[in-house]
Amino acid sequence: MTSWNLIKHAFGMLWLALLVFALAAYWRLSASLPGAALENGAGIGDTWRATEGTLGTFLMATVLLVVLGVLLGLLMGVLMLIPVIGFLIYIALQWFLTMFTLSLLTTVYGHYIEKRELV
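What you see as residue numbers is a count from 1 along each chain, following the sequence as written. This being a predicted model, a pLDDT of at least 70 is required before a residue's local features are given, and a value of 80 or more before pairs of side-chain atoms are given or counted; all residues contribute to the totals for chains, interfaces and linings. Calculation of side-chain values draws on the structure's entire complement of heavy atoms; hydrogens and water are dropped beforehand.

J.: For the nonpolar core, give the residues involved together with the corresponding values.
T.: One recurring pattern in soluble globular proteins is that nonpolar side chains are buried together. Definition of nonpolar core: a set of buried residues of the types Ala, Val, Leu, Ile, Met, Phe, Trp, Tyr and Cys, connected through side-chain atoms within 4.5 Å. A simple rule labels every residue: compare its accessible area, found with a 1.4 Å probe on the protein chains alone, to the largest value its type can have, and call it buried under 20%, exposed over 50%, or partly exposed in between. Counting residues in hydrophobic clusters, the biggest one holds 9 residues: Ala24, Trp27, Ala31, Phe58, Leu59, Leu65, Leu105, Val108 and Tyr112. For this core, the secondary-structure elements that each account for two or more residues are α1 (3-30), α4 (55-79) and α5 (83-113). Judged by nonpolar contacts, the second largest core, of 5 residues, contains Leu72, Met76, Leu93 and Leu97. The secondary structure listing takes helices from DSSP runs of H or I that are at least 4 residues long and strands from runs of E that are at least 2 residues long, numbered from the N terminus.

What follows is the structure in structure tokens.
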């Protein structure tokens, strides 16, 4: 492997690591969205402080969501080759992914902001 390829791979890995950390920060901040729907919900600053020290949890959730999104994206791409049924399955999988993401956000808000137990 040449030094130029090694540098390209190193920058690729650095970019991937930065992306994962940025997505984890995004999820920490996104936990304030269910609070925005409430009149007296927590703001972004409150959510950031409430989720302090949970970087590992959000990193793991980010990796799992990215893997789930990629797998469902590949599946949806293949299913789109089937004219009508594939489109209907695509809609159903998109709905599932949207509901899963919303339930994750409301769970994070309820656990970290409203201090509700998970079990």
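After presenting the structure, the write-up continues.
J.: Describe the environment of Tyr90, and please don't skip the residues or the numbers.
T.: Along the chain, Tyr90 falls in helix α5. Classification of Tyr90 as partly exposed rests on a relative accessible area of 30%. Between the C-alpha atoms of Tyr90 and Gly77, which are 13 residues apart in sequence, the distance is 8.4 Å. Residues count as neighbours in contact if any of their non-hydrogen atoms are within 4.5 Å of one another. When residues no more than four places from it in sequence are discounted, the contact partners of Tyr90 are Met76 and Met80.

J.: Tell me about unusual backbone geometry, and name the residues and values.
T.: Generally, phi is negative for residues other than glycine and the peptide bonds are trans, each holding for most cases. Phi at Lys115 takes a positive value of approximately 60°, unusual for a residue other than glycine. Assignment of secondary structure puts Lys115 in the segment after α5.

J.: A description of the packing of aromatic side chains should follow, citing residues and the corresponding values.
T.: Two rings from Phe, Tyr or Trp (for Trp, the six-membered ring) form a pair when their centres sit within 6.5 Å of each other. Planes less than 30 degrees apart are called stacked, planes more than 60 degrees apart edge-to-face, and all others tilted. All told, the structure shown has 4 aromatic pairs when counted by the stated rule. Note on Tyr26 and Trp27: the rings are 5.7 Å apart at their centroids and 70° apart in plane angle, and the pair reads as edge-to-face. Judged by centre distance (6.1 Å) and plane angle (25°), the ring pair of Phe96 and Phe100 falls under stacked. Taken together, the residues span about one helical turn, with Phe96 and Phe100 both in helix α5 at a distance of 4 residues. The exposure class of Phe96 is partly exposed, given its relative accessible area of 39%. Of the residues examined, Phe100 reaches a relative accessible area of 34% and is grouped as partly exposed. Counted as over-ring charges are cases with an Arg CZ or a Lys NZ within 6 Å of the ring centre that also lie within 35 degrees of the ring normal. Its guanidinium or amino end placed over the ring of Trp48, Arg28 lies 3.7 Å from that ring's centre, counting from NZ or CZ.

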